[in-house]
Amino acid sequence: MILRFKILCECYFQIEKTQKKLEMVDILADTLINAKADEIGKISLLTIGKIYPDFLGIELMLAEKMAIRALALATGMSDKSVTKMLEELGDLGKTAHNLLENKPQSTLLAFTNQKEETEYDVLEIWTKLDSIAQMTGEGSSDKKIRTLSGLISKISPLEARYIIRIVCGQLRLGVASQLLLEALSKAKTGSRENKNLLERANNRCADIGFVAETLYSGGLEEVRKIEVKLFSPIRVMLAQRVSSSNEMLERFNGRCSLEYKYDGLRVQIHKKGTNVKLFSRRPENVTNQFPDVIKFINEAAIEDEFIVEGEIVAFDRIRNKILSFQLVAQRKRKHDIEQKTSEIPVRVYLFDTLFCFDESKLDMDYLERRKLLDEIIRKTDNIQFSHQTIASTADEIESFFHQALEESCEGIMGKSVSEGSKYQAGARGWNWVKYKADYVDKLSDAFDLVILGADYGKGKRAGKFGSFLLGCYNPDENLFQTFTWVATGFSDENLDELHRDLKPLIRDKPKEVHSVVESNVWFDPKVVIEVSGAEITVSQMHTCSRGFLEKETDGLALRFPRFTGKFVSDRPPEQATSSEEIRTIYLNQRNK
Ligand code: ATP
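Residues numbered from 1 in each chain as written. Predicted model: local features only at pLDDT ≥ 70, side-chain atom pairs only at ≥ 80, totals over all residues. Heavy atoms only, no water.

Asker: Let's hear about the overall build of the protein: which residues, and what values?
Answerer: Secondary structure summary: the protein contains 21 helices and 22 strands in total. Each principal axis of the C-alpha atoms in the protein carries an extent, and together these give about 80 × 60 × 50 Å. For the protein, restricting intrachain contacts to residue pairs at least 6 apart in sequence, the fraction spanning at least 24 positions comes to 72%. Accessible area of the protein: about 25,500 Å², with a carbon and sulfur share of 47%. Side chains of the protein carry 84 positive and 89 negative charges; the gap between the two charge centres is 3 Å. (Helix = DSSP H or I, 4+ residues; strand = E, 2+ residues; numbered from the N terminus. Contact = heavy atoms within 4.5 Å. Areas by Shrake-Rupley, 256 points an atom, 1.4 Å probe, with all protein chains shown as cover. Lys, Arg positive; Asp, Glu negative; His and termini not counted. Charge placed at Lys NZ, Arg CZ, Asp CG, Glu CD.)

Asker: Summarise the nonpolar core; cite the residues concerned and give the values.
Answerer: Counting 76 residues, the largest nonpolar core has Leu28, Leu32, Leu129, Leu148, Val175 and Leu184 as its most contacted members. Mapped onto the domain boundaries, this core takes at least three residues apiece from domain 1 (5-49 + 174-224) and domain 2 (64-167). In contact with valine 175, not counting residues within four places along its chain, are Ile15, Met24, Leu28, Thr47, Ile48 and Leu180. Membership of the second largest hydrophobic core comes to 30 residues, among which are Leu278, Phe306, Phe325 and Leu350. (Core = buried A, V, L, I, M, F, W, Y, C linked by side-chain atoms within 4.5 Å. Buried < 20%, exposed > 50% of the residue type's maximum accessible area, 1.4 Å probe, protein only. Domains from an automatic or database assignment.)

Asker: Outline the domain arrangement of the protein, supporting the account with residue identities and numerical values.
Answerer: The parts lose accessible area when they come together, and the size of an interface is often stated as this lost area. Along its sequence, the protein is carved into domain 1 (5-49 + 174-224), domain 2 (64-167), domain 3 (238-439) and domain 4 (446-591). Computed over C-alpha atoms only, the centres of domain 2 and domain 4 are separated by 35 Å.

Asker: Residues and numbers for helix α13 (residues 208-224), please.
Answerer: A rise of 1.5 Å per residue sets the reference length of α13, with its 17 residues, at 24 Å; its end C-alpha atoms lie only 14 Å apart and thus fall more than 12% short of the reference. Along α13, the largest kink reaches about 130° and is centred on glycine 218. Considered for burial, the residues of α13 that qualify are Ile208, Gly209, Val211, Ala212, Thr214, Leu215, Tyr216, Leu220 and Val223. On its buried side, α13 packs onto α2 (21-32), α3 (37-47), α11 (177-189) and α12 (195-205). (Expected span 1.5 Å × (residues − 1). Bend = angle between axes of the 7 residues up to and from the residue.)

Asker: Which residues make up the environment of glutamate 213, and what values do they have?
Answerer: Here glutamate 213 is to be found in helix α13. On the basis of relative accessibility, which here comes to 32%, the residue glutamate 213 falls in the partly exposed class. Each C-alpha atom, one on glutamate 213 and one on aspartate 395, is 52 Å from the other, the two residues being 182 residues apart in sequence. Non-local contacts of glutamate 213, meaning those with residues more than four positions away in its chain, are made with Ala37, Ile40 and Gly41.

Asker: Talk me through empty space enclosed by the protein; I want residue IDs and the actual numbers.
Answerer: If you walk through the whole model with that rule in mind, you get three cavities of 30 Å³ or more. When its volume is computed, the second largest cavity comes out at roughly 40 Å³. What lines the second largest cavity is Arg4, Lys6, Glu117, Thr118, Glu119, Tyr120 and Glu159. Looking at the lining of the second largest cavity residue by residue, the classes come out as one nonpolar, one polar and five charged. (1 Å grid on protein atoms, 1.4 Å probe; cavity = no way out; pocket = protein on both sides within 12 Å on 5 of 7 lines; lining within 4 Å. Points joined across faces, edges and corners; volume = space filled by probe spheres on them. Nonpolar A, V, L, I, M, F, W, Y, C, P; charged D, E, K, R; others polar.)

Asker: Explain the state of the cysteines to me, using residue names and the numbers behind them.
Answerer: Counting across every chain of the model gives zero disulfides. This cysteine, cysteine 256, is not joined by any disulfide, and cysteine 409 carries the nearest cysteine sulfur, 16 Å off. In this model cysteine 544 remains outside any disulfide bridge; the closest cysteine sulfur is found in cysteine 472, 3.7 Å from its own. For cysteine 544, a relative accessible area of 0% corresponds to the buried category. (Disulfide = S-S within 2.5 Å.)

If you want it as structure tokens, here you go:
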């Protein structure tokens, strides 16, 4: 039997009531166990609040105002009364639930001409949401509102609670991909342990729906066979950090490869014939933003098919100089592309080969992957390979590091050259480390932190958020842990921008946030900013690294935090600085 959407919503409701991760996995697995192979992909996507994988760029994301209009239309209330209830309840889902539950049946029926609620299955709901997402062009907002209100008036209050959240990108169940993979593993194989295999597959294709479908139709055997494929982005490999050349050498047992660390935008380039697509590290499809890079790649390609990775930097061809990150960041805009392309010329520095000659190269050792670049792409003025050398002394590392800084790079990358130095898709492992200028002569460096909460300002900042509670990410527990409050370094424009971006994200305290301090408001943990600080100290006020320090209640905190001016929009919150990274920096700092 096909899964009814209502059953899925009952499961979501149970999940909402618990804070415990294992319980959430069990509740979800109990429902997923009944799903069929042809619906599990879509169920999986809906459960993490999506209808397609990110890289396809098809999103619902209706503005809150549109959802309010749809609710008003469906219930015969005014927009004003819906807005008022939303302000009281602080959540669109609860508002929809409440409105429909307390509405006399006769009113609803009069509006819809329906005799009773329609029982939709999950696939029907997915198809309706898809049709809303695909509406574009003139009059599409109105059409979306009408379709949504038509749907809401036919479903139960509980279903409306989740539909409205999904269309506005606010599902907020606390179910991230990791938890979903665990539940899928338990539902289909009876054990959570097989999650690692699912994760491996998900890292290779960044498409959790496809992984789920493969598991349900072909079992673990087929999941094992999921390999890298062209035009489906691979989750990027990330680096740990070191704060000295000696530490780098120690990490790599005395020998490693060094590369310049360019300060730009990471890009994964997929090519087959003249079809070239570019993916960011999120991974999002950014092909349209870089028509010049597509041309450069087509000019430089020797082979017809490949996946390579590199960094796009802003480049001044007259002075032969790499320009700042702030400039290249402007190339991410989705409008004025032609103008920005001519205003801000770029160059690409490639550093890895992930697929070519018809097969994945992820399991190949790093130096071999790097050598493949020469076979598949010729260097041109616009496509270069990252500057690289092999080092076995601290002096060599230091000299390469200073050379990199002189050439406008932000530091260097150290990469393992030993056997087994494969590309660890989706992981921040120790096969790659970064050593940046920020790390030298400072007790601590810049962190990419997630805004979890805020307090309203006083005086000049009254009515706006004045200080922000920031956190790091703990991937093992799928939790955001608090690390510091920050109130300095913001210009008035920064504060306005943050107020505008954060207001729609206000909600009850999210269960994926672990905090022992209170804040005036809590947010969906989505916005990442860069913050510098003077020192990391032990504190009972913050939860970063709790459980790894001397006392149960000890956490780590940042002293003298300051916003650096950088909004880190190319990074999902799960790729913010991790609690483990902060702990490593703290231990290094203590050893010094
Ligand atoms: P950061 O803000 O320090 O770049 P990050 O979280 O974006 O951190 P890390 O994996 O920690 O990413 O650091 C490596 C990043 O540096 C890559 O994601 C890539 O964007 C960039 N980079 C620049 N040059 C290189 C290179 N030669 N090899 C690998 N990555 C490089």
